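Per-entry structural report
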Amino acid sequence: MGETVIKCDHISKKFESLKAKNNFIEVLNDVSFDVRAGEFTVLLGPGQCGKTTLLNIIAGHELPSGGRVLERDNEIKDPAPSRGMVYQDIRLFPWLTVMGNVSYGPKVQGIDKKDYLPRAQKFIDLVGLTGFEDTYPIKLSGGMKQRVGIARAYCNQPDIILMDEPFGALDAQTRYMMQEELSKIWQKEKNTVLFVTNNIEEAVYLADRIIVFSRCPAKIKKEYQINIPRPRKLTSVEFLELRKEITAQIEDDM
Ligand SMILES: Nc1ncnc2c1ncn2[C@@H]1O[C@H](COP(=O)(O)OP(=O)(O)O)[C@@H](O)[C@H]1O
Ligand SMILES: [Mg+2]
């Protein structure tokens, strides 16, 4: 694996309680881990444990209460195009076409059309939306919107893509299809991905490495290196065994 892209160094986060003044809720407790170049890292934890908070801190939308996050040795304090984000609730511009949405980032950065249009087309093709370039988001299904979200993140050529439960709102069938697509794209591009989920099967299917978090306040409990060759099969013996092991481990700690 490659060099360190993101370093979370003893991150903690407290929010002022919405119920009582001067009362704080601890959401993240002393979280340290590295994300390495070209690696698909999955953060796995239960709902409300602080996963989105952690991703928002890495994205630069939120500051930690303690510790720091580095991107290639520079402390993260603001959002930057070098860190792309894919959300669960896909935030597409309704007044822009698929092509308009995918190429929006490089366009506002003032990059030459000659440079970004072929790239936008490449990622539209890669996510399977060839022929839908001129379609507006209102005409797209949930899975197709998520494909646009992924193509848009890739088109910015970020150093790392942060994905916050991107398939959480999809029906089971579409979710499986999107996991397969994402795995294929990643095998082609070999980019750095930090992916958040509460779904053990999804984590084992996608990850090179799984970092398991406890309930709130989120602490790292365990790490798993996943060496099952791709394409992975959800029904293979090694897949089921690993899934069982992680499930047992998580239930043990509850
Ligand atoms: N801005 C905020 N102010 C107060 N509490 C917050 C804020 N953001 C998140 N929280 C609380 O932090 C906890 C973790 O939230 P979140 O990071 O969204 O968890 P997850 O993504 O794992 O479901 C929740 O209890 C949530 O209510
Ligand atoms: Mg969340």
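Residues numbered from 1 in each chain as written. Chains lettered and ligands numbered in written order. Predicted model: local features only at pLDDT ≥ 70, side-chain atom pairs only at ≥ 80, totals over all residues. Heavy atoms only, no water.

1. A closer look at the nonpolar core
Operational definition: Definition used in this section: a nonpolar core is a set of buried Ala, Val, Leu, Ile, Met, Phe, Trp, Tyr and Cys residues joined via side-chain atoms within 4.5 Å. Each residue's exposure class comes from its accessible area (1.4 Å probe, protein chains only) as a fraction of the maximum for that residue type: buried when under 20%, exposed when over 50%, partly exposed otherwise. Helix and strand definitions here come from DSSP, where helices need a minimum of 4 consecutive H or I residues and strands a minimum of 2 consecutive E residues; each element is numbered from the N-terminal end. In what follows, residue pairs with any heavy atoms lying within 4.5 Å of each other are defined as contacts.
Among the nonpolar cores identified, the biggest contains 47 residues, and Phe 195, Ile 210 and Ile 246 are the most heavily contacted of them. Among the elements that line this core, the one with the most residues is helix α5 (residues 142-155), at 7 residues. Not counting residues within four places of it along the chain, the set of residues in contact with Ile 246 comprises Leu 44, Ile 200, Val 204, Ile 210 and Tyr 224. Val 5, Phe 33, Ile 57 and Leu 194 belong to the second largest nonpolar core, which has 28 residues in total.

2. Section: the pattern of salt bridges
What counts, and what does not: Between Lys or Arg on one side and Asp or Glu on the other, a salt bridge is scored when a side-chain nitrogen of the former is within 4 Å of a carboxyl oxygen of the latter.
Counted under the stated rule, the structure contains 19 salt bridges. For the salt bridge of Arg 68 with Asp 9, the shortest nitrogen-to-oxygen distance reads 3.5 Å. Of this pair, Arg 68 sits in strand β4 (residues 66-71) while Asp 9 sits in strand β1 (residues 4-16), and the two are 59 residues apart along the sequence. Residue classification places Arg 68 among the partly exposed positions, given a relative accessible area of 36%. Among the residues examined, Asp 9 registers a relative accessible area of 22% and is labelled partly exposed. The partner of Asp 112 in a salt bridge is Lys 114, with the nearest N and O atoms 3.4 Å apart.

3. Some details on the pairing of strand β8 (residues 193-197)
Here is the rule: Two strands pair if DSSP finds at least two bridges between them. By convention a crossover is right-handed if, when the strands point away from the viewer, the path from the first strand over the helix to the second runs clockwise.
With respect to burial, β8 is a largely interior element, 5 of its 5 residues being buried. Where burial is concerned, the two faces of β8 agree: the one with Val 193, Phe 195 and Thr 197 and the one with Leu 194 and Val 196 are both buried. Inspection of the sheet shows strand β7 (residues 160-164) paired to β8 by 4 bridges, in the parallel sense. The partner of Asp 164 across the bridge, within β8, is Val 196. Read from β7 through helix α6 (residues 172-189) to β8, the crossover connection turns out right-handed.

4. Remarks on the site of ligand 1
What counts, and what does not: By convention in this text, a residue qualifies as near a molecule or strand provided that one of its non-hydrogen atoms is within 4 Å of it. A 1.4 Å probe and the Shrake-Rupley method give the accessible areas. Residues count as covered only by the protein chains that appear here. Under this grouping Gly is polar, as are all residues other than the nonpolar Ala, Val, Leu, Ile, Met, Phe, Trp, Tyr, Cys and Pro and the charged Asp, Glu, Lys and Arg.
The environment of ligand 1 is formed by Phe 15, Val 27, Pro 46, Gly 47, Gln 48, Cys 49, Gly 50, Lys 51, Thr 52 and Thr 53. With the chains in place, 69% of the 570 Å² that ligand 1 exposes on its own is no longer accessible. No other element matches the 3 residues that helix α1 (residues 51-59) contributes to the shell around ligand 1. Class assignment of the residues belonging to the shell around ligand 1 gives a composition of 4 nonpolar, 5 polar and 1 charged.

5. Comments concerning the domain arrangement of the protein
Interface size, as often reported, equals the accessible area lost upon joining of the parts. Counted only if it meets this: Either an automatic procedure or a domain database provided the assignment from which the domain bounds are taken. Here the quantity called buried area is the accessible surface, traced with a 1.4 Å probe, that two parts lose on coming together, added over both. We define a polar contact as two N or O atoms separated by no more than 3.5 Å, with the added condition that, inside protein, one atom must be a possible hydrogen donor and the other a possible acceptor, whereas residues neighbouring each other in sequence contribute only through side-chain atom pairs.
For the protein, the assigned domains read domain 1 (1-82 + 161-194 + 206-254) and domain 2 (89-157). When each unit is reduced to the centre of its C-alpha atoms, the spacing between domain 1 and domain 2 is 25 Å. Counting each side, the surface lost to burial between domain 1 and domain 2 is near 1200 Å², with a carbon and sulfur contribution of 69%. The largest per-residue losses of area from domain 1 upon contact with domain 2 belong to Met 178, Ile 185 and Glu 189, which jointly make up 37% of the total buried on that side. In this structure, the salt-bridge partner of Arg 147 is Glu 181, at a minimum N-O distance of 3.7 Å. Linking domain 1 with domain 2 are 3 residue pairs in polar contact (both at pLDDT 80 or more). Residue composition of the side of domain 1 that touches domain 2, by class: 11 nonpolar, 2 polar and 3 charged.

6. A look at unusual backbone geometry
The phi torsion of most residues other than glycine is negative, and most of the peptide bonds are trans. Look at the link from Cys 216 to Pro 217: it is a cis peptide, with omega at -5°. For Pro 217, the position within the fold is in the loop between β9 (209-213) and β10 (220-225). Each neighbour pair has its own omega, and for Arg 230 with Pro 231 the value is 0°, a cis peptide bond. By the secondary structure assignment, Pro 231 is in the loop between β10 and α8 (237-252). Even without being glycine, Asp 30 reaches a positive phi, approximately 50°.

7. Considering the pairing of strand β6 (residues 83-86)
Because side chains alternate across β6, one face comprises the buried residues Arg 83 and Met 85, and the other comprises Gly 84 and Val 86, equally buried. Sheet topology places β6 next to β7; 4 bridges connect them, and they run parallel. Looking at the pairing, Gly 84 lines up with Ile 161 of β7.

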